[in-house]
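Single-letter residue listing:
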Amino acid sequence: MSAAPTADSARASLEALRAEIAKAVVGQDPAVTGLVVALLCRGHVLLEGVPGVAKTLLVRALAASLQLETKRVQFTPDLMPGDITGSLVYDARTAEFSFQAGPVFTNLLLADEINRTPPKTQASLLEAMEERQVSVDGIPRPLPEPFLVAATQNPVEYEGTYPLPEAQLDRFLLKLILPLPSRETEIDVLTRHADGFNPRDLDSAGLRPVAGPADLDAARAAVAKTSVSADITAYIVDICRATRESPSLTLGVSPRGATALLATARAWAWLTGRDYVIPDDVKALALPTLRHRIQLRPEAEMEGTTPDSVITSVLARVPVPR
């Protein structure tokens, strides 16, 4: 029986994820880091990018490198809640109803194009994301651990979509933007394909598990011990309160957003090798943690203001603790 991972060995294993995932996905290091931070915080991730920037491949590569089970659901207008959570099925042999688990019963659920399904079906994920269980016929059924929802959406195509309501957006710990690759990165991608890389066959790319649930458990325990000074706590609160006073916004960051920023900053501090949080950790995670928790005024949006520009402006204004 192998010994339980230490905090240092868990950190080394999670750092090895970057190199392992890079065998399949090129140039998306910030998104890889964001997914690891979400796993450490037991949170969920919204991935936004145009089609073809490797959102699905990224999630599959993460699951393969972490020895986790993953399932993919293509969200469509006719998808029903039971198609995700599972439902009661009548068994003619026993003359009884039995529960047939849906794809949400996995470690890493890829909810592809989540904004293409109606609100009723989107809402079926709320209990799973918040309570980590699914209730069918009044019986709560716990989900596997770890459990992470990685939902994707296309930022440019809105016809036939159902934008996620604020309450559901707030359930995502991070919103990660996957940009189009640079010229050099795109050349690297094409070269790999010319050399025979098949994105549907990760085994042929040489991906192997470099970490597992035990490493995540050890890492989470270490993150929980990462200290946060009173000055850093006040700094996070000041940033979030400043968004509520911004003239460009109709909705600022809620207290839940502040606790999310505290959690992600701690995880990032630990990943970078420290057992305490500094202001740079807060700044590094402010955009992905807060950008989906604020709402622009229509007139500000027409003037070209973006959530990222508002948060960047707030970070520049709020005094940094010394």
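In case you missed it, the structure is sitting above this.
All of these numbers come straight from a predicted model, not from anything done at the bench. (Residues numbered from 1 in each chain as written. Predicted model: local features only at pLDDT ≥ 70, side-chain atom pairs only at ≥ 80, totals over all residues. Heavy atoms only, no water.)

Caption draft 1: Representation of the overall build of the chain. Looking only at helices and strands, the chain has 14 helices and 11 strands in total. In summary, the chain has a C-alpha radius of gyration of 20 Å against a globular reference of 20 Å for 322 residues, a match within 12%. Here the C-alpha coordinates of the chain stretch approximately 70 × 45 × 45 Å along the principal axes. Buried residues in the chain amount to 48% of all 322 residues. The long-range share in the chain, meaning contacts at least 24 apart out of those at least 6 apart in sequence, stands at 79%. As displayed, the chain offers around 15,600 Å² of accessible surface, 54% of which is attributable to carbon and sulfur atoms. The chain carries 32 positive and 39 negative side-chain charges, and their two centres are separated by 3 Å. (Helix = DSSP H or I, 4+ residues; strand = E, 2+ residues; numbered from the N terminus. Rg over C-alpha atoms; globule rule 2.2 N^0.38 Å. Buried < 20%, exposed > 50% of the residue type's maximum accessible area, 1.4 Å probe, protein only. Contact = heavy atoms within 4.5 Å. Areas by Shrake-Rupley, 256 points an atom, 1.4 Å probe, with all protein chains shown as cover. Lys, Arg positive; Asp, Glu negative; His and termini not counted. Charge placed at Lys NZ, Arg CZ, Asp CG, Glu CD.)

Caption draft 2: Representation of the packing of aromatic side chains in the model. Under the criterion given, the structure shown has one aromatic pair. A ring pair is formed by Phe99 and Phe105, whose centres lie 5.8 Å apart and whose planes are at 70°; its orientation type is edge-to-face. For Phe105, a relative accessible area of 15% puts it in the buried group. The lysine or arginine in question, Arg11, covers the ring of Trp270, its NZ or CZ lying 4.6 Å from the ring centre. Across from the ring centre of Tyr276, 5.8 Å away, lies the NZ or CZ of Arg274, which sits over that ring. (Phe/Tyr/Trp six-rings, centres within 6.5 Å; stacked < 30°, edge-to-face > 60°. Lys NZ or Arg CZ within 6 Å of the ring centre and 35° of its normal.)

Caption draft 3: Representation of helix α10 (residues 230-244) within the structure. Between its first and last C-alpha, α10 extends 22 Å over 15 residues, near the 21 Å set by a 1.5 Å rise per residue. Regarding α10, the residues found buried are Ile232, Tyr235, Ile236, Ile239, Cys240, Ala242 and Thr243. Within α10, the buried residues cover an arc of 155° as seen down the axis, which keeps them to one side. The inward-facing, buried residues of α10 contact β10 (249-251), α11 (255-271), α12 (279-290) and α14 (307-317). (Expected span 1.5 Å × (residues − 1). Arc of directions from axis to C-beta.)

Caption draft 4: Up close: helix α1 (residues 7-21). Helix length check: α1, at 15 residues, gives a terminal C-alpha distance of 22 Å against a target of 21 Å (1.5 Å per residue), a fit within 8%. Restricting attention to buried positions, one finds in α1 the residues Ala10, Arg11, Ser13, Leu14, Leu17, Glu20 and Ile21. In this fold, the buried residues of α1 make contact with α2 (29-41), α3 (55-66), α9 (213-224) and α11.

Caption draft 5: Focus on the packing of α10 against α14. It is at 10 Å that the axes of α10 and α14 come closest, and there the two elements cross at 130°. As the angle between them shows, α10 and α14 are arranged oblique. Of the two possible hands of crossing, α10 and α14 adopt the one that is right-handed. Residue-level inspection shows Tyr235, Ile239, Ala242 and Thr243 of α10 in contact with α14, the latter providing Val314, Leu315 and Arg317. Split into classes, the residues belonging to the contact of α10 with α14 amount to five nonpolar, one polar and one charged. (Axes fitted to C-alpha atoms, helices over the stretch in contact; angles between N-to-C directions. Parallel < 35°, antiparallel > 145°, perpendicular 65-115°, else oblique. Left-handed = near helix turned anticlockwise from the far one by under 90°. Nonpolar A, V, L, I, M, F, W, Y, C, P; charged D, E, K, R; others polar.)

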